[in-house]
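# Coordinates in review
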Amino acid sequence: MKKIFFLATALLIGLFLAQVCYATGELIWDNSPSWVASTNVESRAVRAGDLNSDGYPDLVQADYYGGQIYIYYNNGGQLPLTPSWTSSGPTGCFLDVQLGDINGDGLLDIIATNFDGRVYVFFNHSGQFNLEAEWVSNNICAYEAKTTKAADIDGDGDSDLLVQCEWDGLKLLKNDNGILTKSPTWSSSENYVWWVQFDVSDYDGDGIMEVAVPNGYANGNRNEYRTFVYKYNHATGGLDVIWNSPVAGGECGRDAVKHAYWVDYENDGDLDLITSDGKVFIYTNGILSYAPIVFYDKPVDFATNGMAVGDYNKDGLIDVILTLYYAYQGFPGIIHYFENSSNGFHVKQTILAAPIIFLAGNIDYDIDGDEDLLLTYYGSARIYSNRFVETHNKPPVANAGTDQPVSCAGANGAAVTLDGSGSSDPDNDTLTY
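Residues numbered from 1 in each chain as written. Predicted model: local features only at pLDDT ≥ 70, side-chain atom pairs only at ≥ 80, totals over all residues. Heavy atoms only, no water.

Let us look at the pairing of strand 7 (residues 69-72). Neither face of strand 7 is exposed, since Ile69 and Ile71 on one face and Tyr70 and Tyr72 on the opposite face are all buried. Bridge analysis of strand 6 (residues 58-62) against strand 7 gives four bridges, and the strand direction is antiparallel. Bridge assignment links Leu59 to a residue of strand 7, and that residue is Tyr72. Here strand 6 hands over to strand 7 after six residues, with Gly67 in that stretch at a positive phi of 65°. Note: strand 7 against strand 8 (residues 85-86), two bridges, orientation antiparallel. What sits directly across from Ile71, in strand 8, is Trp85. (Buried < 20%, exposed > 50% of the residue type's maximum accessible area, 1.4 Å probe, protein only. Helix = DSSP H or I, 4+ residues; strand = E, 2+ residues; numbered from the N terminus. Pairing = 2+ DSSP bridges.)

Encoded structure:
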């Protein structure tokens, strides 16, 4: 008698699963904040950055009326509700706060502008900060020092400071081997109004920085507000205007164009210019367009106060967040998420939020790979979590039980029982056999 042994394995039993392998993506912003700071202040600015080099982004907040700076240290993806560190004060009114490596030690320092027309720098000492600023500029603004940004404008490897002054020009404080000039080395002839966020990048790829600043006017003409683009001039040590937008903006509130960012809107490798009044100026063949693509026309009596940009749904295209508030008290703030597709921007999700939103930014505070939304309000800082779930419908794992040697002694064969209960699906979908 011949004996034939059959070996049935999990790879050979032919589990048939009703699943199709494809890639889809859905973005869901929480409709309510996942984190709210308990410190109730009027804050115009909050920024995210890894201050203590532990791999998690911390938060730095500027207190307007209290004249203090707050740090919330991130502990393994958890942010405290109360500040971990508070500067001494009050010191005037802090309007903006930014992070940058001023002294070249590889650590992020805190840079804050003030109502008194000065800029304050708190140097980072291995994640710790003195209670008082260690560097303070001269009074460089005719009125308030509104916003600032640290960037290597002159290309010498140090982070210089650009400062936007209220009813005054854009100022450059140069950095020489970690030492900032306390007075401007250059001032623009154009004046800027309101609390605007400007951006610095080499948009034309020639190795020289360009600066896009919204809501300015030239030659004293306060009826013609524009976004101006400057380019650093190595010969003069200053910046020259190389482009300006059509007239758009106003002195304050609902009329002001408060944000300008360099983004690759078309995903063609070139940086385009996007502004918070819902316009994109395309860069093509070495020229930044004058006629914009208009993707949003805000309602009357609303102001677009906050703006953030990022690839929030991980499709390789830059999306936009715009936050609006009603020009009169009592109406909730609005958060619009504009998704970028082959047909341009369109509103994907709208959230009603607490008024009044001052600033929007990005933070992956829980290090899950998704950019969350960081906002400042009258009252507190808040985070809205990005619940983007990318589903690839991964193949199921087939498991028919242990191997079973079977002896076939007759024409009718031998009975074999396969147990598929050990099979699993990484997407937790229902399995059929």
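Here the narrative resumes.
Attention shifts here to the sheet that holds strand 14 (residues 135-136). Strand order in the open sheet formed by four strands is 9-10-11-14, with antiparallel pairing between adjacent strands. Edge positions in the sheet fall to strand 9 (94-100) and strand 14, since each has one partner strand and no second. Two elements, strand 11 (residues 119-122) and strand 14, share two bridges in a ladder whose sense is antiparallel. Pairing of Val121 across the sheet is with Trp135, part of strand 14.

As used here, a disulfide is simply a covalent bond connecting the sulfur atoms of two cysteines. Counting across every chain of the model gives one disulfide. Here Cys141 pairs with Cys165 through a disulfide, and the sulfurs are 1.9 Å apart. Classification of the bridge connecting Cys141 and Cys165 rests on its S-S torsion, roughly -50°, and on that basis the disulfide is left-handed. Residue Cys141 is located in the loop between strand 14 and strand 15 (145-151), and its partner Cys165 is located in strand 16 (residues 160-165); the two are separated by 24 residues in the primary sequence. Neither Cys141 nor Cys165 differs from the other in exposure class; each is buried. (Disulfide = S-S within 2.5 Å.)

Turning next to the sheet that holds strand 27 (residues 272-275). Strands belonging to one sheet form pairs held by backbone hydrogen bonds; the direction of such a pair is parallel or antiparallel. Spatial ordering of the open sheet is given by 26-27-28-31, a layout of four strands whose pairing is antiparallel. Each end of this open sheet is capped by a strand with a single partner; those strands are strand 26 (260-263) and strand 31 (293-294). As paired elements, strand 27 and strand 28 (residues 279-281) share three bridges and run antiparallel to each other. In the strand pairing of strand 28, Thr275 is matched with Lys279.

With that settled, consider the packing of aromatic side chains. In this structure the tally under the stated criterion is 19 aromatic pairs. A centroid spacing of 5.4 Å and a plane angle of 85° characterise the contact between Trp35 and Tyr72, whose relative ring orientation is edge-to-face. Taken as a pair, Trp35 in strand 3 (residues 35-36) and Tyr72 in strand 7 lie far apart in primary sequence, 37 residues in all. Across this residue pair, the class does not change: Trp35 and Tyr72 are buried. (Phe/Tyr/Trp six-rings, centres within 6.5 Å; stacked < 30°, edge-to-face > 60°.)

We now examine the pattern of salt bridges. Proximity of charged atoms lets side chains of opposite charge pair with each other. Evaluation of the coordinates by the stated rule reveals 13 salt bridges. Across the pair Asp168 and Lys171 runs a salt bridge whose closest N-O atoms are separated by 3.4 Å. According to the relative accessible area criterion, Lys171 is buried, its value standing at 9%. In this structure, Glu251 engages Arg222 in a salt bridge whose closest nitrogen and oxygen atoms are separated by 2.7 Å. Here Arg222 lies in the loop between strand 23 (210-217) and strand 24 (226-233) and Glu251 lies in the loop between strand 25 (238-244) and strand 26, a separation of 29 residues in the sequence. By sharing partners, the salt bridges in this structure join Asp204, Asp206, Glu210 and Lys231 into a single network. (Salt bridge = Lys/Arg side-chain N within 4 Å of Asp/Glu carboxyl O.)

Attention now moves to the environment of Leu431. As for its placement among the helices and strands, Leu431 is situated in the segment after strand 40 (404-408). Placed 11 residues apart in sequence, Leu431 and Gly420 show a C-alpha to C-alpha distance of 10.0 Å.

With that out of the way, let us pick up the nonpolar core. Nonpolar side chains tend to gather and get buried jointly when the protein is soluble and globular. Grouped together as the largest cluster of nonpolar side chains are 21 residues, with contacts concentrated most on Val60, Ile69, Ile71, Ile110 and Phe129. Elements that contribute at least two residues to this core include exactly strand 6, strand 7, strand 9, strand 10 (109-114) and strand 11. Of all the elements, strand 9 adds the most residues to this core, at four residues. Beyond its immediate chain neighbours, meaning those up to four positions away, Ile110 contacts Val60, Ile69, Ile71, Val97, Gln98, Leu99, Tyr120, Val121, Phe122 and Phe129. Listed in part, the 17 residues of the second largest apolar core include Ile274, Val309, Val320 and Phe338. (Core = buried A, V, L, I, M, F, W, Y, C linked by side-chain atoms within 4.5 Å. Contact = heavy atoms within 4.5 Å.)

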